[in-house]
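A closer look at the structure
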Amino acid sequence: MEEEIAKPAGIPILRVSSGNIRSDALNPDHRFASMPLHILNQDGRPGMTRRQCTGEYKIKPIKQKVRELLGHPYPARIPKGVFVEQWVGISTDEVHRAKDADVKYMHNRHPLLDMSWSRADCVSYLTSLGLADTPKSSCLGCPFHGNAQWRHIRDSSPSEWADVVAFDAAIRKGNARANASGNHLLGEAFLHRARVPLDQAPIDHVTSAERQALRIGSDEAEVLENGVEDGCSPWACRGDADTLTRDDFGLAT
């Protein structure tokens, strides 16, 4: 994207970061922003830890960069009427994810909605440019992944699969900072919603949600490739992630 599209058009690509969430989770000396891990409580009840990772590792560094671009880095006050227009790529299939910015110095705009483009329209356009394999965005080890995304990682990138399997095992008792401070997790944490070790999870099962999303029947399920169900952009989550981040689930304590 940078070399073949952005650079010829004179569009700069800016990269921001708050660090590596997995390294931070395993570092007892680092403050950790909670991932929405699937929890199996001691009494056998399921639960989830609170989701703070999107705000800490995506939204916060973006806002810091925006303030820098405006010439008013934190904690400087941004003058009234000074703002950036931020374009967010949400299509008509996910109109419920379109939200206004929560700060006055950022104004959200949704160009795909302005054009009434669906995900299918986006895929058709990308295909016409030779970019048919562009995937949905999501973090590598996100607990909101569906089986299709876990399969895709396992089957297309053995090194990344080994990485997420190792991380899944490492966070079984929660994050290192909490354990070091004596705030132990009352249960076990997992990346997969089945609440079993990732390399034992039933990721080869094609869910009804995947079939519905791709409008295919059971007989065609075996040809499913990378139908990514869930994941989070900096501004909102998709699929089951929207449901799972509400306050109606049991939180592990």
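Residues numbered from 1 in each chain as written. Predicted model: local features only at pLDDT ≥ 70, side-chain atom pairs only at ≥ 80, totals over all residues. Heavy atoms only, no water.

A word on the environment of Asp-43
- Tracing the chain through its elements places Asp-43 in the loop between β1 (38-41) and β2 (46-48).
- Looking at Asp-43, its side chain comes within polar contact range of the side chain of Arg-45, at 2.7 Å. (Helix = DSSP H or I, 4+ residues; strand = E, 2+ residues; numbered from the N terminus. Polar contact = N/O pair within 3.5 Å; in protein donor to acceptor, adjacent residues only side chain to side chain.)

Notes on the pattern of salt bridges
- Following the criterion strictly, the structure yields 14 salt bridges and no others.
- Note that Lys-7 is salt-bridged to Glu-3, the shortest N-O span being 3.2 Å. Pair noted here: Lys-7 and Glu-3 are both in helix α1 (residues 2-9), with a separation of four residues, about one helical turn.
- A relative accessible area of 53% means that Lys-7 is categorised as exposed.
- For Glu-3, a relative accessible area of 52% corresponds to the exposed category.
- Each of the salt bridges in this network shares a partner with another, and the network as a whole consists of Glu-85, Arg-109 and Asp-114. (Salt bridge = Lys/Arg side-chain N within 4 Å of Asp/Glu carboxyl O. Buried < 20%, exposed > 50% of the residue type's maximum accessible area, 1.4 Å probe, protein only.)

Focus: the nonpolar core
- In terms of nonpolar packing, the biggest core is built from 22 residues, with Met-35, Leu-37, Trp-150, Trp-161, Leu-191 and Leu-198 touching the most fellow members.
- Within the residue set of this core, elements represented by two or more residues are α2 (21-25), α3 (53-70), α6 (147-156) and α7 (158-170).
- The element best represented in this core is α7, accounting for four residues.
- In this structure Leu-198 touches Trp-150, Trp-161, Val-164, Val-165, Asp-168, Leu-191 and His-192, once residues within four positions along its chain are discounted.
- If you look at the next biggest cluster of nonpolar residues, it comprises seven residues, including Ile-62, Ile-78, Val-84 and Met-106. (Core = buried A, V, L, I, M, F, W, Y, C linked by side-chain atoms within 4.5 Å. Contact = heavy atoms within 4.5 Å.)

Remarks on the environment of Met-1
- Here Met-1 lies in the segment before α1.
- For Met-1, a relative accessible area of 73% translates into the label exposed.
- When the C-alpha positions of Met-1 and Leu-131 are compared, they lie 9.8 Å apart, and in sequence the two are 130 residues distant.

Remarks on the confidence of the model for the chain
- Overall, the prediction assigns the chain a mean pLDDT of 83, with 83% of residues at 70 or greater.
- Segment residues 216-228 is flagged for pLDDT under 50; beyond a separation of four residues in sequence, or across chains, it makes 20 contacts in the model.
- Note on residues 242-253: pLDDT is under 50 here. Beyond four places in sequence and across chains, it has 25 contacts. (pLDDT = per-residue confidence, 0-100.)

Section: the side chain of Arg-151
- With respect to the secondary-structure elements, Arg-151 resides in helix α6.
- Among the polar contacts listed, one links the side chain of Arg-151 to the backbone oxygen of Ile-203, at a separation of 2.6 Å.

A few points about the state of the cysteines
- Going through the model one piece at a time under the given rule, you end up with zero disulfides.
- Looking at Cys-139, it has no disulfide partner, and the nearest cysteine sulfur is the one in Cys-142, 5.9 Å off.
- Residue Cys-139 is classed as partly exposed on the basis of its relative accessible area of 38%. (Disulfide = S-S within 2.5 Å.)

Overview of the sheet that holds strand β5 (residues 187-190)
- Ordered by their spatial adjacency, three strands build an open sheet running β2-β1-β5, and the pairing between neighbours is antiparallel. The open sheet terminates on both sides in strands that have one partner only, identified here as β2 and β5. When strand polarity is set aside, the average angle formed by the axes of neighbouring strands in this sheet is 30°.
- When β1 meets β5, the two strands line up antiparallel, connected through four bridges. Its bridge partner lying in β5, Leu-40 is registered against Glu-188. (Pairing = 2+ DSSP bridges. Axes fitted to C-alpha atoms, helices over the stretch in contact; angles between N-to-C directions.)

So, the environment of Phe-190
- Relative to the helices and strands, Phe-190 resides in strand β5.
- Taking the C-alpha atoms as reference points, Phe-190 and Phe-167, separated by 23 residues in sequence, lie 9.5 Å from one another.

Things to note about α7
- The end-to-end C-alpha distance of α7 is 18 Å, a good match for the 18 Å that 13 residues give at a rise of 1.5 Å each.
- For α7, the set of buried residues is Trp-161, Val-164, Val-165, Phe-167 and Asp-168. The arc enclosing the buried residues of α7, seen along the axis, measures out at 165°, which places them on a common side. Exposed side chains of α7 directed beyond 90 degrees from the buried face belong to Pro-158 and Ser-159.
- In the core, the buried residues of α7 are packed alongside α2, α6 and β5. (Expected span 1.5 Å × (residues − 1). Arc of directions from axis to C-beta.)

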